Amino acid sequence: MKARLLAAALALAAAPAVAQDISVREIGSFHVGGSVATVAGLEPREITFSPGSPPFRYDPNGDFQAGQMYVQYVRLANPRARYPLLLMHGGGLTGVTWETTPDGRTGWQMDFLRAGHDVYVSDAVARGRAGWARYPEILKGEPIFRTMGEGWHLFRVGPADGWSREAGARRAYDGTRFPLAAWDQFTKQSVPRWVTTDPMIQAAYDAYVQRVCPCVIVVHSQGGNFAFRAALNAPDKIKAIVAVEPSGAPNPANDQAAKVKDIPNLMVWGDYLDQNALWTRIKPAIDRWDGAIREAGGRVDELNLPARGIRGNSHMLMMDANSDEIAGLLQAWIAERGLVR
């Protein structure tokens, strides 16, 4: 199996060089999920929309759409994959995760299109083009903003004390595959997030699955929990989950892993996990969920890149210098599950 995975990975990594063109049937987008929320009791005020325009009496009260998510899709003329591929991003990020890498290389959206998938890229509730709502009237609490330095160590590019505002003074892990010169460009992708909106986000993901699937999901970081729960809520709709460094999973004591035992899972891990205190606490929780699925008779595979001799990957594997190679390994696993014609 290892030889087949490697061969398929090399084939996908080479694909852009021999097949620059794809035949696209349709590019489009939609919003899904959400509901109408009403705001009342706020004071109207006078505002000016743009310099030189007349004053306008703005009333912040009324009905608003809230809790929706945004989805962009590219459908091929002749897809080889049996089901569409849904790319779900992580916390404080958007679907841009899957598009062009910060240093200008092809992202996984194009890699998987070239591999024969219809590809759907989403922005979760209150992220990117999904839009967000008033807080705390609709979105409870206040948004959280990630600093450039927090991402440096949380995403395992370098140690916390290796961060500096000055690019030349930053210290990364030896052998890191993240394109360091593009770090500042990458942090422009950061968006606010809330720690109170998980039920709203989950409801939108569930509506998304009902609209688009059956499907295969590739999910990153915070999105892992939403994908695992979407599978619990609609096990007949999801044909496989590839979880790239998921940061959360259902509690096996509270959820019945038997519901998803027929959905194959692949857990993908990069490097330097043992050098980050948060990740040393996260992975055991994921391992417990994996173990519960296996005990129920399901299949969970693990792609531990350092154990494969592939060193230096950060938390942002889809942006690392060897992102094509990793996409190839994921594609090979998907093909091994019989999900490609």
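Residues numbered from 1 in each chain as written. Predicted model: local features only at pLDDT ≥ 70, side-chain atom pairs only at ≥ 80, totals over all residues. Heavy atoms only, no water.

A.B. asks: Looking at this structure, how should I read the state of the cysteines?
C.D. replies: One covalent bond between the sulfur atoms of two cysteine residues makes up a disulfide. Per the stated rule, a full pass over the model turns up one disulfide. One disulfide in the model links Cys-213 with Cys-215; its S-S distance is 2.1 Å. Measuring handedness by torsion sign, the sulfur bridge of Cys-213 and Cys-215 sits at about 70° and is right-handed. The residues Cys-213 and Cys-215 share a single accessibility class, namely buried. (Disulfide = S-S within 2.5 Å. Buried < 20%, exposed > 50% of the residue type's maximum accessible area, 1.4 Å probe, protein only.)

A.B. asks: Got a minute to help me understand the pairing of strand β8 (residues 119–123) in this structure?
C.D. replies: Each regular strand carries side chains that alternate between the two faces of the sheet. Burial analysis of β8 places five of its five residues in the buried class, which makes it a mostly covered element. Of the two faces of β8, the one lined by Val-119, Val-121 and Asp-123 and the one lined by Tyr-120 and Ser-122 are each fully buried. Pairing of strand β6 (residues 69–76) with β8, which is carried by five bridges, proceeds in the antiparallel orientation. By the bridge assignment for β8, Tyr-70 is matched with Asp-123. Of the strand pairs in this sheet, strand β7 (residues 85–88) and β8 are connected by three bridges, and their pairing is parallel. Opposite Leu-87, over in β8, you have Val-121 as the bridge partner. Each parallel crossover has a hand, and the one from β7 via helix α2 (residues 108–114) to β8 is right-handed. (Helix = DSSP H or I, 4+ residues; strand = E, 2+ residues; numbered from the N terminus. Pairing = 2+ DSSP bridges. Right-handed = clockwise from strand over helix to strand, strands pointing away.)

A.B. asks: What's the story with helix α7 (residues 277–295) in this structure? I'm lost.
C.D. replies: Helical periodicity: at 3.6 residues per turn, an α-helix aligns residues three or four positions apart in one direction. Look at α7: 28 Å from first C-alpha to last across 19 residues, which is about the 27 Å you get at 1.5 Å a residue. For α7, the complete set of buried residues consists of Trp-279, Ile-282, Lys-283, Ile-286, Trp-289, Asp-290, Ala-292 and Ile-293. Where α7 is buried, its residues contact α3 (148–154), α6 (223–233), β11 (265–269) and β12 (300–304). The opening residue of α7, the one whose side-chain oxygen lies 3.1 Å from the backbone nitrogen of Leu-278, is Asn-276. (Expected span 1.5 Å × (residues − 1). Contact = heavy atoms within 4.5 Å. Polar contact = N/O pair within 3.5 Å; in protein donor to acceptor, adjacent residues only side chain to side chain.)

A.B. asks: Help me out: how do you make sense of the packing of helix α5 (residues 198–212) against α6 in this one?
C.D. replies: To characterise two packed helices, one gives the angle between the axes of the helices and the distance between these axes. In contact at an axis separation of 9 Å, α5 and α6 are set at 55° when each is read in the N-to-C sense. One finds that α5 runs oblique with respect to α6. With respect to the hand of their crossing, α5 and α6 are arranged in right-handed fashion. Taking contact as the criterion, the partners of Asp-198, Ile-201, Gln-202, Tyr-205, Asp-206 and Val-209 in α5 are, on α6, Asn-225, Phe-226, Arg-229, Ala-230 and Asn-233. Residues of the contact of α5 with α6, tallied by class, amount to five nonpolar, three polar and three charged. (Axes fitted to C-alpha atoms, helices over the stretch in contact; angles between N-to-C directions. Parallel < 35°, antiparallel > 145°, perpendicular 65-115°, else oblique. Left-handed = near helix turned anticlockwise from the far one by under 90°. Nonpolar A, V, L, I, M, F, W, Y, C, P; charged D, E, K, R; others polar.)

A.B. asks: Which parts of the structure should I look at to understand the environment of His-31?
C.D. replies: Residue position: His-31 is located in strand β1 (residues 24–32). The class of His-31 is partly exposed, set by a relative accessible area of 44%. Sequence separation between His-31 and Gln-72 is 41 residues, and the spatial gap between their C-alpha atoms is 8.9 Å. Within the local environment of His-31, its side chain forms a polar contact with the backbone oxygen of Arg-129, the two atoms lying 3.0 Å apart.

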